[in-house]
Amino acid sequence: MKNMTLWAVVIIVVFLGIFFALTSFYIVDQTQQAIVLRFGNIKSIRTEPGIYTKVPFVDNVEKFEKRLMIYDIPVERVITSDRRTILADTYAIWRIEDPQKFIETLRTVEVALTRIDDIVYSHARDVIGNYNFLEVLSTERPAILEEIKKRSSNSLKSFGIEVVEVRLKRTDLPKENTEAVYERMKSERYAMAAQLRAEGEKESQRMKAEADKQASIIVSEAEKEANIIRGTGEASAINIYSEAYSLDTDFYELQKITDIYKDSFKDSILVFPNDSPLLKYFYEVE
Amino acid sequence: MAEYEIFDPNDEFKNETKKGRGSGWWKNIIIVAIIVAIGIYMLTGVYQVGPSEVALVKTFGEYTSTTGPGIHFHLPVPFQSHVIVDVRTINKIEIGFRTTSDGRTPSYRSVNEEAEMITGDQNIISIEAVVQYKVNDPVAYAFNVIQGYDLVKSTAESVLREKVASSELEKVLTIERDKIAMETSQTIQEIMDSYNSGVQIENVYLQAVTPPAPVVPAFDDVNNARQDQQTFINEAQRYTNDVIPRAEGQAQRIINDAEAYAYQQVAKATGEAERFKALLEEYQNSEEVTKKRLILDSVQQMIENSKMQVISEKGDTLNFLNLSEIIGGEQQ
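First, a word on scope: everything that follows refers to the structure included in this document. Starting afresh in each chain, residues are numbered from 1 along the sequence in its written order. Chains carry letters from A onward and ligands carry numbers from 1 onward, assigned in written order. The predicted origin of the model limits local features to residues at a pLDDT of at least 70 and limits the giving and counting of side-chain atom pairs to 80 or more, whereas totals for whole chains, interfaces and linings rest on all residues. Side-chain descriptors were evaluated using all non-hydrogen atoms of the structure, hydrogens and water having been removed beforehand.

1. A closer look at the interface of chain A and chain B
The following threshold applies: Contacts are assigned to residue pairs with any non-hydrogen atoms lying within 4.5 Å of each other. Throughout, buried area stands for the accessible area (probe radius 1.4 Å) lost by two parts on being put together, summed over both. What counts as a salt bridge is simple: a side-chain nitrogen of Lys or Arg found within 4 Å of a carboxyl oxygen of Asp or Glu. Pairing of N or O atoms within 3.5 Å defines a polar contact, subject to two protein rules: one partner must be a possible hydrogen donor and the other a possible acceptor, and residues neighboring in sequence count only if both atoms are side-chain atoms. Ten residues, namely Ala, Val, Leu, Ile, Met, Phe, Trp, Tyr, Cys and Pro, are considered nonpolar, four, namely Asp, Glu, Lys and Arg, are considered charged, and the remaining ones, Gly among them, are considered polar.
Taken together, the contacts link 94 residues of chain A with 108 residues of chain B. Approximately 9,500 Å² of surface area, both sides summed, lies buried where chain A meets chain B, with 68% of it carried by carbon and sulfur atoms. Applying the counting criterion to the chain A and chain B interface returns 11 salt bridges. Put simply, Asp29(A) and Lys58(B) hold a salt bridge, and the shortest N to O gap is 2.7 Å. At the surface where chain A touches chain B, the tally comes to 28 residue pairs in polar contact (both at pLDDT 80 or more). A per-class count over the side of chain A that touches chain B returns 50 nonpolar, 15 polar and 29 charged.

Following this line, the structure appears as structure tokens:
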């Protein structure tokens, strides 16, 4: 029985020791920062990792994330300065910079997120409202984001939150505008298609007309040349004739007349009068 | 396993006590229980690191060392703990689509609202992209950022949209694809570095870059129109290729005809002239006789050639002849 008592005492002492250790030491992880609260008052803040002591039962330790956190803000409709609605899908990268302020004003990350949501959205709305659609879309985007970040950072500083970055994940058009854009894109394309086809036809017509023209030119050039050739031939012929015939014009006449006689009375009826010289021997014989 | 081996003799021990050895068995149970408890407790210090991983060991929450793959031991909770970070595996982020099943024939599903982006000229384009990254600084990755995947993904989406928004639809579809992928990769890396996140962007690949589905028919129509345009031109080319050689042939024919005609004229003239000269020579030799002969020859031939020869008493006899009857009768 003595042994039993001794054992019981040992066990109790060990358990008490463990319990004491658990309640009087606390560990801050590399990813965390801690606040020690004594009856609700902040006693100390630990941002470096390691093991620390506290008064058991009296001190209460709250730990917070030290790493960068990402908060994806729900998609919001915002209106640009040229009265166009866009759906802005923003997200914020933030971290707890001052755990004391954080615990004093917000207590938990869940509460912090609603606050970030409100503030970033409100600033996003204000800042985007100063720019027109195109600027939001592309040219002024970095400046806009920087402005939203700066404003949000200022607003959230008092909560112990640092806004590292605000970025626009998506800037989409509302559904009805998207449809309109599709329609416009379609009409642009169809217009382009029509133009391409018309240009094709134009080019085709031009080429055909050009071909017809070329063909006419070729033929008429040839006709021109042909006439020249014919003329030259005829002129040569005339020259040859006149050269020969001028040797004796009388003989030419005679020869031509006799040729005409020979060739011109085929299948015709010849009527010779009685006193025709041809028949002069006809009567002499009688 | 260890606890079981220790438990076995325990059972044997129990049996022995039942036989009546009596006092002290409580003590033994407690000793064994304590040993088992300490054993289990020490096991919390054993950890295994996979081939692509490293383990970051923390002593009282503070990072102290990094260990590579293998089985390791550190002091048990709460003295030391560890986090394991994969540093070799290339992680893949999909923008605009999701892989629905891996394996030999992977299948994909489009996520339109993620894929559709606005270009600088206010058109909408659908882009599917893959971002590959790995952790190159495990300490920074584990201790500086939370939700590393979401961070890379949000940044990638945001940067890609920014790049697309600063370009034009036609360019994004064609020549600026590579440029956008490259710039996106660079910018994501810069942002990741500014967070000190320990993330290394390996590659950004633009996969399908297409017009959004509702306007695809219109885009196709433009492509068809380009084909049609070419068809028209080809058809005209065919016409040209047909018409011009024909005309050239025709032209050649016209010229050849003319040349033939000219040659013919000259030849005829030359022939006649030569004949004339020959006759003239004969004629000059005996002018009177030849003249008469020529006349009489021609008269003779004229008479021979004629169909009918009539000798009339007086010039008016012929008035009574019915010419058409004579010619017609002949024909019958």
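2. What to know about the sheet that holds strand S5 (residues 80-86) of chain B
Residue and element names in this part refer to chain B. In plain terms, the rule: At least two DSSP bridges between two strands are needed for those strands to be called paired. In this description a helix means any DSSP run of H or I spanning at least four residues, a strand means any run of E spanning at least two, and both kinds are numbered starting from the N terminus. Lines fitted to C-alpha atoms define the axes, with helix axes restricted to the stretch in contact, and inter-axis angles between N-to-C directions lie between 0 and 180 degrees.
Across the sheet, which stays open at both edges, the three strands sit in the order S3-S2-S5 with antiparallel pairing between neighbours. A strand with exactly one partner marks an edge of an open sheet, and here the two such strands are strand S3 (62-67) and S5. Averaged over all pairs of adjacent strands, the angle between strand axes in this sheet comes to 30 degrees, irrespective of strand direction. Where strand S2 (residues 53-59) meets S5, seven bridges bridge the pair, whose relative direction is antiparallel. If you follow alanine 55 over to S5, its bridge partner there is isoleucine 84.

3. Digging into a negative patch on the surface
Going by this rule: Any residue with relative accessible area above 30% and no salt bridge may belong to a patch, with like charges joined within 9 Å and the nonpolar Val, Leu, Ile, Met, Phe, Trp and Tyr side chains within 5 Å. Residue burial considers only the protein chains on display, and all accessible areas are found by Shrake-Rupley using a 1.4 Å probe. None of His or the chain ends enter the tally, which takes Lys and Arg as positive and Asp and Glu as negative. Throughout, a charge is located at the NZ atom of Lys, the CZ atom of Arg, the CG atom of Asp or the CD atom of Glu.
On the surface, Asp250(A), Glu253(A), Glu287(B) and Glu288(B) cluster together into a patch of negative charge. Of all elements in the fold, only helix H7 (249-264) of chain A together with helix H9 (287-305) of chain B reach the threshold of two or more residues within the negative patch. Secondary-structure assignment places Glu253(A) in helix H7.

4. Some points on the pattern of salt bridges
Convention followed: Each residue's exposure class comes from its accessible area (1.4 Å probe, protein chains only) as a fraction of the maximum for that residue type: buried when under 20%, exposed when over 50%, partly exposed otherwise.
Using the criterion set out here, one finds 34 salt bridges over all chains in the structure. We note a salt bridge from Arg167(A) to Glu162(B), for which the minimum N-O separation is 3.0 Å. With one member in each of two chains, Arg167(A) in strand S9 (residues 161-172) and Glu162(B) in helix H5 (residues 148-165) form a pair that bridges those chains. Exposure class is identical for Arg167(A) and Glu162(B). Each is buried. For Arg189(A), the salt bridge goes to Glu170(B), with nearest N and O atoms at 2.6 Å. Of the two residues, Arg189(A) sits in helix H6 (residues 175-245) while Glu170(B) sits in helix H6 (residues 169-173), which places them in two different chains.

By themselves, these are just geometric observations and shouldn't be taken as functional.
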